[in-house]
Amino acid sequence: MDFDYLKYNVSEGIATVRLSRPPVNAVNQAMYREIRQLFEHVEIFGSDLKAIVLTGSGKHFCAGNDLAEFATLSPDNADDRMAEVRAAFFAIQDCPVPVIGALHGTVVGTGLAIAASCDFVVAADNVKMGTPEVRVGIMGGARHLARLVPEPMVRWMYFTAELVSATKLAEIGAVIEVVAPDDLLETAYRHARLVSRHSAVVLRMAKRSLNAIESMDLQPGYKFEQGLTREICGEPDSREAVRATLEQRSPRYPSEIAQ
C-alpha cells in the first residue's frame, strides 16, 4: 500500500508505523482514511506479525486535528467527517495485534485519541499531553482519555485544557515508561519484543479478549474469557505453551515452525 501521510516498515514480526505529515503530524481527513486503511489491513506486514509500534515522524507525535481543515466543519458536513475520524481511532483499537504507542513532543486532541487507541504507550520525557477541545470550542477526546487516566483527572484535563507532562502521566499509570527522546524507539521495541516472545495465535486471541471485556463487568467478562479458553485450548500453539511451561524451556510454536 502507498500512503501520503504514513510510513511503515517491518522486521522480525514487529512493524513500525510513523505518522508523517510535517511539521507536527496534524491529521486531516485524508490521513484519517489512511490510518483506517492501514490498521484494517495489517496483513500487509506478513502472517508472522506480532506487534506494531506507532510513533510520529519529526519532533512531535501528533499535535491534533488539522485546524485549517477543521475550520470548514459545519453541521452539514460534520457527520461524514466525524465518521472518518472515529473509524481511524477504532481501527487502531481493533487492530488484531497489540499496538504500542511511542510518544514524543506534543500529544494533544487527535494525537491523544490515537495514543489512547493503542494498547499501551511509552513516552519521551518531553511529552506534553492534553485535551484542548474546550479551548478550541469543540467536543471529543474525553472518552479516549478515560482509557489512560482516572475520571477526576479526565475532568481536570478536559475543563482546564492544560497540558500534562509524561512524568505526571507515568505516576498515574497512563504511561508504562518515560525515557530520554533518543531512547524512545528502542524502549518501544524492547516492550514489543516482550510481547513478540509469545504465539501470534495466542496474542491475537488475547487482543480479542481484552477489547471485548474492557466494557464488561467482572462476572460476564470472566465468563467471556473462559469461553475463549475453551476455544483456544485445542490449538497446537496453546498446547505447546503449556508443555514448554511444564518442561521449563522456550516454546517452539507449531504456527511458526510451519512458516
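Here's what I pulled together on the structure shown here. (Residues numbered from 1 in each chain as written. Predicted model: local features only at pLDDT ≥ 70, side-chain atom pairs only at ≥ 80, totals over all residues. Heavy atoms only, no water.)

## What about the packing of aromatic side chains?
Part 1 of the reasoning: All told, the structure shown has 3 aromatic pairs when counted by the stated rule.
Part 2 of the reasoning: Judged by centre distance (6.1 Å) and plane angle (70°), the rings of Phe3 and Tyr8 are edge-to-face.
Part 3 of the reasoning: Taking the centre distance of 5.4 Å and the plane angle of 85° together, the rings of Tyr8 and Phe45 count as edge-to-face. Taken together, the residues span a long stretch of sequence, with Tyr8 in strand S1 (residues 6-11) and Phe45 in the loop between helix H1 (29-39) and strand S3 (51-56) at a distance of 37 residues.
Part 4 of the reasoning: Classification of Tyr8 by relative accessible area gives partly exposed; the value is 31%.
Part 5 of the reasoning: You can call Phe45 buried: its relative accessible area is 5%.
Part 6 of the reasoning: Each member of the aromatic cluster is reached from another via a ring pair, and the members are Phe3, Tyr8 and Phe45.
Part 7 of the reasoning: For Arg21, the ring lying beneath its charged end belongs to Tyr5, and the centroid distance is 5.5 Å. (Phe/Tyr/Trp six-rings, centres within 6.5 Å; stacked < 30°, edge-to-face > 60°. Helix = DSSP H or I, 4+ residues; strand = E, 2+ residues; numbered from the N terminus. Buried < 20%, exposed > 50% of the residue type's maximum accessible area, 1.4 Å probe, protein only. Lys NZ or Arg CZ within 6 Å of the ring centre and 35° of its normal.)

## Comments concerning the packing of H1 against helix H3 (residues 78-93)
Part 1 of the reasoning: At a minimum axis distance of 8 Å, the contact between H1 and H3 shows a crossing angle of 35°. For the pair H1 and H3, the sense of crossing is left-handed. Contacts from Gln29, Tyr32, Arg33, Ile35, Arg36 and Phe39 in H1 reach Arg81, Glu84, Val85, Ala87, Ala88, Phe89, Ala91 and Ile92 in H3.
Part 2 of the reasoning: For the contact of H1 with H3, a count of residues per class yields 9 nonpolar, 1 polar and 4 charged. (Axes fitted to C-alpha atoms, helices over the stretch in contact; angles between N-to-C directions. Left-handed = near helix turned anticlockwise from the far one by under 90°. Contact = heavy atoms within 4.5 Å. Nonpolar A, V, L, I, M, F, W, Y, C, P; charged D, E, K, R; others polar.)

## Regarding a nonpolar patch on the surface
Part 1 of the reasoning: Taken together, the side chains of Met1, Tyr8 and Ile44 make up a nonpolar region of the molecular surface, amounting to roughly 220 Å² of accessible area.
Part 2 of the reasoning: Tracing the backbone through its elements, the reader meets Ile44 in the loop between H1 and S3.
Part 3 of the reasoning: Owing to a relative accessible area of 31%, Ile44 belongs among the partly exposed residues under this scheme. (Patch = residues over 30% accessible without salt bridge, like charges linked within 9 Å, V, L, I, M, F, W, Y side chains within 5 Å. Areas by Shrake-Rupley, 256 points an atom, 1.4 Å probe, with all protein chains shown as cover. Salt bridge = Lys/Arg side-chain N within 4 Å of Asp/Glu carboxyl O.)

Just distances and angles here, no functional claims.
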